[in-house]
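Results of the structural survey
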Amino acid sequence: QVQLVESGGGLVQPGGSLRLSCAASGSIGSVGIMAWYRQAPGKQRELVATITSVASTNYAESVKDRFTISRDNAKNTVYLQMNSLKPEDTATYYCNANVRLAWRTGWYAYWGQGTQVTVSS
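An account of the accompanying structure is given in this report.

For the rest of this paragraph, the subject is the overall build of the protein. Each helix and strand in the protein was counted, giving zero helices and eleven strands. Going residue by residue from the N terminus, the α and β elements of the protein occur as β-β-β-β-β-β-β-β-β-β-β. Here the protein has a C-alpha radius of gyration of 14 Å; the compact-globule value for 121 residues is 14 Å, and the two agree. Principal-axis analysis of the C-alpha atoms places the extent of the protein at approximately 50 × 25 × 25 Å. Nonlocal contacts in the protein, meaning residues at least 24 apart in sequence, comprise 55% of its contacts between residues at least 6 apart. A total of about 6,500 Å² of accessible surface is found on the protein, and carbon and sulfur atoms cover 48% of it. Distance from the positive charge centre (11 side chains) to the negative charge centre (7 side chains) of the protein: 7 Å.

Before going further, it helps to examine the environment of Tyr93. As for its placement among the helices and strands, Tyr93 is situated in strand 9 (residues 91–101). The sequence separation of Tyr93 and Val117 amounts to 24 residues, and the corresponding C-alpha distance is 7.0 Å. Setting aside its immediate chain neighbours within four residues, Tyr93 contacts Glu6, Leu20, Trp36, Tyr37, Arg38, Val48, Phe67, Leu80, Met82, Gly114, Thr115 and Val117. Engagement of the side chain of Tyr93 in a polar contact is seen with the backbone oxygen of Asp89, the distance being 2.7 Å.

Further remarks concern the packing of aromatic side chains. Within this structure, the stated rule accounts for one aromatic pair. For the pair Tyr37 and Trp111, a centre-to-centre distance of 4.9 Å together with 55° between the ring planes defines the contact as tilted. Here the residue Tyr37 occupies a position in strand 4 (residues 28–39), and Trp111 occupies one in strand 10 (residues 107–111), the gap between them amounting to 74 residues. Over the ring of Tyr94 we find Arg45; its NZ or CZ atom is 3.9 Å from the centre of that ring. Above the plane of the ring of Trp111 lies Arg45, whose end atom (NZ or CZ) is 4.8 Å from the centre.

So, on to the sheet that holds strand 1 (residues 2–7). Spatially, 1-3-8-7 is the arrangement adopted by the four strands of the open sheet, whose pairing is antiparallel. Either end of the sheet is taken by a strand with one partner, and the two such strands are strand 1 and strand 7 (67–72). With strand direction ignored, the average angle separating the axes of adjacent strands in the sheet is 15°. Of the strand pairs in this sheet, strand 1 and strand 3 (residues 18–26) are connected by six bridges, and their pairing is antiparallel. In the sheet register, Ser7 faces strand 3, and the bridge partner there is Ser21.

Phi angles above zero are rare outside glycine, and Asp65 is one such case at about 75°. As for its position among the elements, Asp65 is in the loop between strand 6 (57–59) and strand 7. For Asp65, a relative accessible area of 78% puts it in the exposed group.

So, how was this worked out
Residues numbered from 1 in each chain as written. Predicted model: local features only at pLDDT ≥ 70, side-chain atom pairs only at ≥ 80, totals over all residues. Heavy atoms only, no water. Helix = DSSP H or I, 4+ residues; strand = E, 2+ residues; numbered from the N terminus. Rg over C-alpha atoms; globule rule 2.2 N^0.38 Å. Contact = heavy atoms within 4.5 Å. Areas by Shrake-Rupley, 256 points an atom, 1.4 Å probe, with all protein chains shown as cover. Lys, Arg positive; Asp, Glu negative; His and termini not counted. Charge placed at Lys NZ, Arg CZ, Asp CG, Glu CD. Polar contact = N/O pair within 3.5 Å; in protein donor to acceptor, adjacent residues only side chain to side chain. Phe/Tyr/Trp six-rings, centres within 6.5 Å; stacked < 30°, edge-to-face > 60°. Lys NZ or Arg CZ within 6 Å of the ring centre and 35° of its normal. Pairing = 2+ DSSP bridges. Axes fitted to C-alpha atoms, helices over the stretch in contact; angles between N-to-C directions. Buried < 20%, exposed > 50% of the residue type's maximum accessible area, 1.4 Å probe, protein only.

If you want it as structure tokens, here you go:
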């Protein structure tokens, strides 16, 4: 059993900053790629950023140079630092992790519960 618990969402003014965290726990052997997604009302879920186990990163064009994804492998935690926030960033943000279990072969994907980010003046 693996759980991903998110925190850090909230209300912020345009131009402000917010830092999201997502911690994985359970019978984990190793964690591969971790990612952040977001979904606004009436929109499909979109990929925001990814990070590999050796810290290689990729970003959606809409957030590059404003958001930074990072991870702490010792804590099985991924972060998303969001700067220069815009109203268009308003969405529910979900973390995702690809996990190798301690007791089973193969990789399994897990999702966080989601955290709301609202950017409004």
